[in-house]
Amino acid sequence: EQQLRLATQPEADLGLELYLQPKVTLPAGQIQGAEALLRWNHPEKGMIAPAEFIPLAEESRLILALDRWVFARTCRTVKRWRLLGLKMPRISINLSARHLQEPDLVNWCVETVMSCGLVPGDLELEITETAFVNLADMVLKQLVALRHAGFSLALDDFGAGYSSLTYLCRLPLDVVKIDRALVADLCQDERAAILLRGVVQLLDRLGFSVVAEGVETDQQADLLHAIGCTTGQGYLFYRPMPADDFIRVYQDYC
Ligand code: G
Ligand code: G
Ligand code: MN
Ligand code: NA
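Residues numbered from 1 in each chain as written. Chains lettered and ligands numbered in written order. Predicted model: local features only at pLDDT ≥ 70, side-chain atom pairs only at ≥ 80, totals over all residues. Heavy atoms only, no water.

### Comments concerning helix H2 (residues 50-57)
Inference 1: For H2, the set of buried residues is Pro50, Phe53, Ile54 and Ala57. All buried residues of H2 lie within an arc of 105° about the axis, which places them on one face of the element. Turned more than 90 degrees away from the buried face of H2 sit Ala51, Glu52 and Leu56, all of them exposed.
Inference 2: Residues of H2 that are buried in the fold lie against strand S2 (31-42), strand S3 (46-48) and helix H3 (62-83). (Buried < 20%, exposed > 50% of the residue type's maximum accessible area, 1.4 Å probe, protein only. Helix = DSSP H or I, 4+ residues; strand = E, 2+ residues; numbered from the N terminus. Arc of directions from axis to C-beta. Contact = heavy atoms within 4.5 Å.)

### Some words on the coordination of the manganese ion (ligand 3)
Inference 1: Bound to the manganese ion (ligand 3) on the protein side are Glu35 (OE), Asn94 (OD1), Glu126 (OE) and Asp156 (OD), at distances that span 2.1 to 2.4 Å.
Inference 2: Within one chain, the residues serving as donors to the manganese ion (ligand 3) are arranged as E-x58-N-x31-E-x29-D.
Inference 3: A spacing of 4.4 Å is found between the manganese ion (ligand 3) and the sodium ion (ligand 4), which share Asp156 as a donor. Of this pair, Glu35 sits in strand S2 while Asn94 sits in strand S4 (residues 90-95), placing them 59 residues apart in sequence.
Inference 4: Glu35 sits in the buried class, given a relative accessible area of 7%. (Donors = N, O, S within 2.8 Å, 3.2 Å for Na, K, Ca; no water.)

### Let's talk about the coordination of the sodium ion (ligand 4)
Six octahedral donors around a metal ideally make angles of 90 or 180 degrees; four tetrahedral donors ideally make 109.5 degrees.
Inference 1: Around the sodium ion (ligand 4), the protein contributes the donor atoms Asp156 (OD), Asp157 (OD), Glu213 (OE) and Glu213 (OE), at 1.8 to 2.9 Å from the metal centre.
Inference 2: Its six donor atoms give the sodium ion (ligand 4) angles of 50 to 153° at the centre, a pattern that matches the irregular case.
Inference 3: Counting along the primary sequence, the residues that act as donors to the sodium ion (ligand 4) give the motif D-D-x55-E. (Tetrahedral: all angles 85-135°; square planar, octahedral: opposite > 155°, others 65-115°.)

### Considerations on the site of ligand 1
Inference 1: Taken together, Leu37, Leu38, Arg39, Ala49, Pro50, Ala51, Ile54, Ile63, Asp67, Val70, Asn94 and Ser96 make up the full set of residues adjacent to ligand 1.
Inference 2: Leu38 places a polar main-chain atom, nitrogen or oxygen, 3.2 Å from a nitrogen atom of ligand 1.
Inference 3: Within the side chain of Asp67, a nitrogen or oxygen atom sits 2.6 Å from a nitrogen atom of ligand 1.
Inference 4: For ligand 1, the accessible surface in isolation is 500 Å², of which the surrounding protein chains cover 78%. (Near = heavy atom within 4 Å. Polar contact = N/O pair within 3.5 Å; in protein donor to acceptor, adjacent residues only side chain to side chain. Areas by Shrake-Rupley, 256 points an atom, 1.4 Å probe, with all protein chains shown as cover.)

### What to know about the layout of surface pockets
Inference 1: Looking at the largest pocket, its volume works out to about 1000 Å³.
Inference 2: Lining the largest pocket are 38 residues; nearest its centre among them are Glu35, Leu37, Asn94, Asp156 and Arg180.
Inference 3: Contributions of two or more residues to the lining of the largest pocket are made by S2, H2, H3, S4, strand S5 (123-128) and strand S6 (152-158).
Inference 4: Here the element with the most residues in the lining of the largest pocket is S2; it accounts for five residues.
Inference 5: In terms of residue class, the lining of the largest pocket is made up of 16 nonpolar, nine polar and 13 charged. (1 Å grid on protein atoms, 1.4 Å probe; cavity = no way out; pocket = protein on both sides within 12 Å on 5 of 7 lines; lining within 4 Å. Points joined across faces, edges and corners; volume = space filled by probe spheres on them. Nonpolar A, V, L, I, M, F, W, Y, C, P; charged D, E, K, R; others polar.)

Encoded structure:
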């Protein structure tokens, strides 16, 4: 618990770094937002991607500390940019499923945001659908409370793994992010394109904003646009970059 508290101090030097990856309009590529992604700069092994340590951290309460570090660091970074008079888009932050079991989650998020002079509407929270496998009352209550507090909520990695269409009606969501596996299949396979077109139309009719993840080729961007998906994220446009690089790219561009 002591370590957990220490690690949530955004200035604690743990070798963690905040990276941001822009989300863009399709097919033009105008920056609309950005996702906060953790990087671990290990003293010997160099930069370690979260795919290598997030799954381990998720086995314990360590993930809470890591996510809270990202959350707090993002708030402080946005505060600093505001003080400098810089423009910025809405930033999204990943929250692991475990948070939804933490009774103080909503208060902690609201207090952290407010302590930096921000409002919850400045942020979006991305939650992976594995969080809802057991759709406990607690989980639903916390999502409702987060949204009521003003956070925008995104369902991450939709369409792969444990997806259930019932989540779309039962959860208070603003955004659905289409898993990169569906995007990867898009140009390979006629049936995959038909599937994705239907999914995008469905999400649109239900009133969600739709973001396609893992856009890597012009062909994918064009096809996504053609089937009605107007926001994307992926290496074709920008890789995740240090927060300071992001704000420079964004200012140049405004
Ligand atoms: O950045 P990269 O593609 O390596 O990320 C791999 C995985 O780690 C992705 O599924 C991403 O959602 C997850 N991830 C990255 N940063 C965070 C974070 O701050 N919190 C959580 N919970 N997951 C993260
Ligand atoms: O699961 P989540 O959406 O949070 O995953 C985000 C991760 O996906 C980031 O850590 C980023 O490194 C990775 N990512 C971003 N764009 C692409 C892409 O175009 N292709 C692939 N394979 N991974 C990507
Ligand atoms: Mn995400
Ligand atoms: Na994802």
